[in-house]
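One-letter residues, chain by chain:
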Amino acid sequence: MKSPLKVLVFSFFICANLSWSQSSDSFYEHYTGLISEELKLTADLIKSHNDFTGFYYYEFKEDGVWITSKPIALDGRVDEQNNFVLNEFGDYSSFFQGHLDNSKLITGEWINKNLGEPVQFTLKATYAQGSIPLNLSVYQSSKLFDDQIGNPNAEFNISLLFPNAQLDEAVYHQLLDRIYYYIGYRGKSQNQKDILSQLEDRYYQQFQSSLANIKLDSFPETFNWSKNIRMDVINNESGLLCLQFETYAKTGDRDGTLVRKYLVFSLKENKVLKIEDVFKEESISQLESLLEKKLRQNYRIDDEAPLSSVGFFQDSIPVTKNFYLHPGGIGFYYNVFEIAPQSTGSSDVFIPFSEIQAFLKPEVQSFFR
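Description of the structure in this document. (Residues numbered from 1 in each chain as written. Predicted model: local features only at pLDDT ≥ 70, side-chain atom pairs only at ≥ 80, totals over all residues. Heavy atoms only, no water.)

The next thing to look at is the overall build of the protein. When you go through the protein residue by residue, the secondary structure sums to 6 helices and 19 strands. For 369 residues, the compact-globule formula gives about 21 Å, and the C-alpha radius of gyration of the protein, at 22 Å, lands near that figure. Out of the 369 residues in the protein, the part that is buried amounts to 49%. Of the contacts formed within the protein by residues at least 6 apart in sequence, a portion of 55% connects residues at least 24 apart. A total accessible area of about 18200 Å² is found for the protein, and carbon and sulfur atoms account for 48% of it. With 34 positive and 48 negative side-chain charges, the protein shows a separation of 3 Å between the mean positions of the two kinds. (Helix = DSSP H or I, 4+ residues; strand = E, 2+ residues; numbered from the N terminus. Rg over C-alpha atoms; globule rule 2.2 N^0.38 Å. Buried < 20%, exposed > 50% of the residue type's maximum accessible area, 1.4 Å probe, protein only. Contact = heavy atoms within 4.5 Å. Areas by Shrake-Rupley, 256 points an atom, 1.4 Å probe, with all protein chains shown as cover. Lys, Arg positive; Asp, Glu negative; His and termini not counted. Charge placed at Lys NZ, Arg CZ, Asp CG, Glu CD.)

All right, on to the pattern of salt bridges then. All told, the structure shown has 9 salt bridges when counted by the stated rule. Among the salt bridges present, the one from E246 reaches R260, with a minimum N-O distance of 2.6 Å. Taken together, the residues span a long stretch of sequence, with E246 in strand β14 (residues 240-251) and R260 in strand β15 (residues 257-266) at a distance of 14 residues. The exposure class assigned to E246 is buried, which follows from its relative accessible area of 3%. Residue R296 is joined to E292 by a salt bridge in which the shortest nitrogen-to-oxygen separation is 3.1 Å. Here the residue R296 and the residue E292 both occupy positions in helix α4 (residues 284-299), the gap between them amounting to 4 residues, near one helical turn. (Salt bridge = Lys/Arg side-chain N within 4 Å of Asp/Glu carboxyl O.)

This part takes up helix α2 (residues 192-211). Spanning 20 residues, α2 covers 30 Å between terminal C-alpha atoms, matching the ideal 28 Å at 1.5 Å per step. Measuring from the backbone nitrogen of K193 back to the side-chain oxygen at the start of α2 gives 2.9 Å, which picks out N191 as the cap. (Expected span 1.5 Å × (residues − 1). Polar contact = N/O pair within 3.5 Å; in protein donor to acceptor, adjacent residues only side chain to side chain.)

Here you go:
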C-alpha cells in the first residue's frame, strides 16, 4: 500500500525555529462502533491540527460467523466547524463524512458510491481491557545552511505516539525504549525532549556537512533537505499493540525515500514479538509459498511467470521480519529495493487469519477473533 506521508510541516525563514506541541486540538483515539447488528467498525485515528488520518477495519457476519477485514488507511481533513471527510486511501468512491463532536465521539455517514444509500455511524473512543491510550506529540523545526537567509533549508518533523505514564511501569519503560529505538535513538533513556533534540542535532550536522564543499548556485532550493517521521496505530486490542513507523527523507532535488517499519508489542508479555515468536518453525517454507501466491495475486502475475521476469529481484519471496499483526490477519511489508526496484514500489502482502492460522503458534492465535 502506497501513501504520501501526512505530517504537518512548518517552514520558518529564520536561522532556526523549534516547536514542540501537545495541543488539545491534536490527539490519538481508539474508536469502536456498531453500524448494525451485523456490521462493526473499529478505527485508530490521529487528528493533528486540521489533518485527520489513520486506519480502520470492519467486521461483518457471514453464515453466523464474524469476518474481519484487513486494515484500511484513511486520509482526511477537519474544518473549523469540526466537520470532516475521511477518504479510504486509493478509493475515492468510498469515504466517511460527518462531525467530530469532540475527541471522544464521531458521528456521520459512510458513503460508497457503488452501493447506493449512505450508512449512518457513531464511533466512540473506547479502551477495553487489552487496549491502551496513547499521547500524540509533534516536534517541528527548520534550519538554514550556515544560518544565512537565502541558503538551502533543512526541515525536521516528527509526529509520535507515546504510552500513558499510568501504564504498568515495566511495560511503560519497555515500550518507550522500543519507540525511541525505532525512530533512531540508541542512547540511554533520558528526557523526551533531550532525546528528540539529539536526533535533530545529528540530522542538521549531516545537512551542514553535506553542503560544506558544494558551491551553491542561484537555486538554493535544489539543495533543500527534509525528514519526516510519523507513527500510526495498526492494532490496539487484545493485549497487542502494533505501531507503524513511517519515515520520509529527501535530499536536494532527488526523489525522496519512504520507509515503513512495524513494531509488534505484547502488552501481556511486555516484549516485542518477532517472527520466531509468532510462527511455528516448521511452517516457514509453507509460509514463503503462501506469500508468493498472495504477491502474485496483488500484482496479477501469472502462476507460470518467474517473478524475476516481471521486475522482482528473485523468484521466491523470503519471510520478512517487518510484519504487523491485526485482528483480520498478518501483513508482511517489503520496502522499496528489498524485493523489487523503485519502479515496482513497496509491497504490502496481507494474509487473512483463516489462511494463516495453521502456521501460528497456539499462544498467538488468542490475539485473533
